[in-house]
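# Fold and geometry: a report
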Amino acid sequence: MKGFSLAETVIVVAILAVVGGALSSMIVFFYRSNAYLLEATSALDSANRGLDSAYSNTREASYSEDGAYPIAAAGTSTITFYSDVDKDGPVEKVRLYLVGTTFYRGVTNAAGNPPSYAGQPETTFTISAWVKNATNTPIFRYYDAGGTELTGTIDTASVRSIRTRLDVDVNPLRAPNVVTLERTATLRNLRY
């Protein structure tokens, strides 16, 4: 009967241990070397998907359940509008806003008869936690039907398209530098 001798078994185990140790060291080195890149890629992907979702809702802005105009408020770092975000029929109140370096989307459902958003809880979602827009770089810019930028106090009835710019930087002390995410939405229900 043939088999492995004790010496052969010890040699095979030693070789496997060396190969396993080398492989695990390479994997640890890869993750240590690329941890920031992996983190930044994940953060940017998350911000990109969140912004896409928010802008899909913005394009579909419509009159609220209580009859309010589709855009309730417009500022340089916040916008409030009405849209059926969950495609269930009733129109929700949506607020996109920045607090510190975190960009959020808040959604409020109307309740009661007649429907009202007042006093209803807002469900908040984080779009990006690493927004680094400079103080002179607005997140939201508004344009009228002719494409002229609206400045100063925004007349919400004149808004026909909205441009958003998020400067995202996971770690300001490391490269790559700031990545800019931009979206433009034409309000489909307010074309005229």
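As a reminder, the structure under discussion sits directly above these lines.
These numbers come from a predicted model, not from an experiment. (Residues numbered from 1 in each chain as written. Predicted model: local features only at pLDDT ≥ 70, side-chain atom pairs only at ≥ 80, totals over all residues. Heavy atoms only, no water.)

### Some words on the overall build of the chain
- Looking only at helices and strands, the chain features one helix and nine strands.
- Taking 192 residues into account, the globule formula puts the C-alpha radius of gyration at 16 Å, and the chain, at 26 Å, lies well above it.
- If you line up the chain on its principal axes, its C-alpha atoms span 90 × 40 × 30 Å.
- The 192 residues of the chain split such that 32% are buried.
- Sequence separation of 24 or more characterises 50% of the internal contacts of the chain that already satisfy a separation of 6 or more. (Helix = DSSP H or I, 4+ residues; strand = E, 2+ residues; numbered from the N terminus. Rg over C-alpha atoms; globule rule 2.2 N^0.38 Å. Buried < 20%, exposed > 50% of the residue type's maximum accessible area, 1.4 Å probe, protein only. Contact = heavy atoms within 4.5 Å.)

### Side note on the sheet that holds strand β8 (residues 161–168)
- Strand order across the open sheet formed by four strands is β7-β6-β8-β9, with antiparallel pairing between neighbours. Pairing within the sheet leaves two strands with one partner each, and these edge strands are β7 (149–150) and β9 (179–186).
- Pairing analysis gives eight bridges linking β8 to β9, with the strands arranged antiparallel. Within β9, the position partnered with Asp167 by the bridge is Thr180. (Pairing = 2+ DSSP bridges.)

### Some thoughts on the sheet that holds strand β3 (residues 92–99)
- Strand order in the open sheet formed by five strands is β1-β2-β3-β4-β5, and the pairing between neighbours is antiparallel. Edge positions in the sheet fall to β1 (71–74) and β5 (122–128), since each of these pairs with one other strand and no more. Neighbouring strand axes in the sheet, compared pairwise and without regard to direction, differ in orientation by 20° on average. (Axes fitted to C-alpha atoms, helices over the stretch in contact; angles between N-to-C directions.)

### What to know about the pattern of salt bridges
- What the rule picks out here adds up to five salt bridges.
- Put simply, Glu149 and Arg141 hold a salt bridge, and the shortest N to O gap is 3.0 Å.
- The partly exposed category is assigned to Arg141, whose relative accessible area is 34%.
- With its nearest N and O atoms 3.0 Å apart, the salt bridge here joins Arg165 to Asp167. (Salt bridge = Lys/Arg side-chain N within 4 Å of Asp/Glu carboxyl O.)

Don't take any of this as a statement about function, it's just geometry.
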